[in-house]
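As a plain string of letters, each chain reads:
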Amino acid sequence: MKNLIFIGPPGCGKGTQSNILKDAKGYTHVSTGDLLRSEVSKGTDLGRKISDVMESGELVTDELVTELLKANIDLSSKQYIFDGFPRNVKQAEILDQILEGSDYSVIYFKVDVENLVGRITNRRVSSDGKHIYNLISNPPKEDGKCDQTGQFLIQREDDKEEVVRNRMDVYSRETEPMIDFYRSKNILEEVDAEKSIESVTEQIERVLN
Ligand code: AMP
C-alpha cells in the first residue's frame, strides 16, 4: 500500500476523506493541523505561540511543523495519509526526503475556491476534533451533537469568516505553487472534490487501484 499525500485548499474535504479511508483501508491519518491543535491544548508557552499563529490563519514555521511531523510518524511499519503537510514547496521538498525509498501518490482535491468560504464557515467538529460535519452538506443527526460520540460540536476559531479569508490568501500564495511542483514530477492525481463525499471516495479508490 502506498503512502498518500492529500493536497487542496482548506475545507476541500481532505480530513473527511482521510477519516473514511483510514477506517476502510487501514491507513494511519496524520494531520499537522491536529498535531498542532494537540500541542496548543497542552497550554505550554510553545502552544500559546502556535495558537496565535493558527488563529490568524497564517502558517506555523516549516521547522516546527517538520519536527512535529517527524516525531509522530513511523514509516517502517505504517502507511500514512498526509493531510495538511506539505503546505508549501519547501515542505514538499522536505517530505520528498522523508519519504525517500517509500512509494507514494499525491492526490489533489480540486474545488472551486469561490465556494469554500461558505463550506468552511458551516463546518463543525466534535470537541476532540476527530469527527467532521457540515451544517449544509453533512449535518449531524441531532443538532449540535456528534453522531458517533455524542460530544458537542464546535466551530474552530480559524473557521470564522475573517480568518478563513486570510487562510485562502495564504493558500493561494504559499500552497498553490506546490501543485505545479508535483505536476512537474508527473505524480499528481486530481479528484473532483465538488462532488458528494461518496463520489470523492470512489474517485480516490480508483486512483489507488
Ligand atoms: P488545518 O487543520 O490543516 O486546516 O490547519 C490549521 C492551521 O494549522 C493552519 O491554518 C496553519 O496555521 C497550521 N498548519 C497546519 N499544517 C501546517 C503546515 N504544514 N505548515 C504550517 N502551518 C500549518
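Described in the following lines is the structure provided in the data block.

Reading the values: rules and limits
Throughout, residues of each chain are indexed from 1 in the direction in which the sequence is written. Per-residue local features are limited, in this predicted model, to residues with pLDDT of at least 70; the limit for side-chain atom pairs, both in listing and counting, is 80 or more; totals at the level of whole chains, interfaces and linings are taken over all residues. Side-chain figures throughout are based on the complete set of non-hydrogen atoms in the structure, without hydrogens or water. Interaxial angle, 0 to 180 degrees, is taken between N-to-C directions of lines fitted to C-alpha atoms, where a helix line uses only the stretch in contact. Strands here mean DSSP runs of E at least two residues long; helices mean DSSP runs of H or I at least four residues long; both are numbered from the N terminus. Angular relationships are summarised with four words: roughly parallel below 35 degrees, roughly antiparallel beyond 145, roughly perpendicular across 65 to 115, and oblique for the angles in between. In what follows, a contact means two residues having at least one pair of non-hydrogen atoms within 4.5 Å. Any residue outside Ala, Val, Leu, Ile, Met, Phe, Trp, Tyr, Cys, Pro, Asp, Glu, Lys and Arg is labelled polar, Gly included; the first ten of those are nonpolar and the last four are charged. For every residue, the accessible area obtained with a 1.4 Å probe (protein chains only) is divided by the maximum for its type, and the residue is called buried under 20%, exposed over 50%, and partly exposed between those limits. By salt bridge we mean one thing: a side-chain nitrogen of Lys or Arg within 4 Å of a carboxyl oxygen of Asp or Glu.

### Brief notes about the packing of helix α2 (residues 32-41) against helix α4 (residues 62-71)
- α4 packs onto α2 with a crossing angle of 95° between their chain directions and a minimal axis gap of 10 Å. Considering their axes alone, α2 and α4 lie roughly perpendicular with respect to each other. In this structure, α2 contributes Thr-32, Leu-35, Leu-36 and Glu-39 to the contact, and α4 contributes Leu-64, Val-65, Leu-68 and Leu-69.
- Class assignment of the residues belonging to the contact of α2 with α4 gives a composition of six nonpolar, one polar and one charged.

### Observations regarding the side chain of Ser-105
- Mapped onto the secondary structure, Ser-105 falls in strand β4 (residues 104-110).
- Judged by its relative accessible area of 6%, Ser-105 falls in the buried class.

### Details of the pattern of salt bridges
- In total, this model carries 16 salt bridges according to the counting rule given.
- Residues Arg-156 and Asp-158 are paired through a salt bridge, measuring 3.0 Å at the closest nitrogen-oxygen approach.
- Overall, Arg-156 belongs to the buried group, its relative accessible area being 17%.
- Residue Asp-192 is joined to Lys-195 by a salt bridge in which the shortest nitrogen-to-oxygen separation is 3.0 Å.
- The partly exposed category is assigned to Asp-192, whose relative accessible area is 30%.
- According to the relative accessible area criterion, Lys-195 is partly exposed, its value standing at 46%.
- By sharing partners, the salt bridges in this structure join Glu-58, Arg-173 and Glu-174 into a single network.

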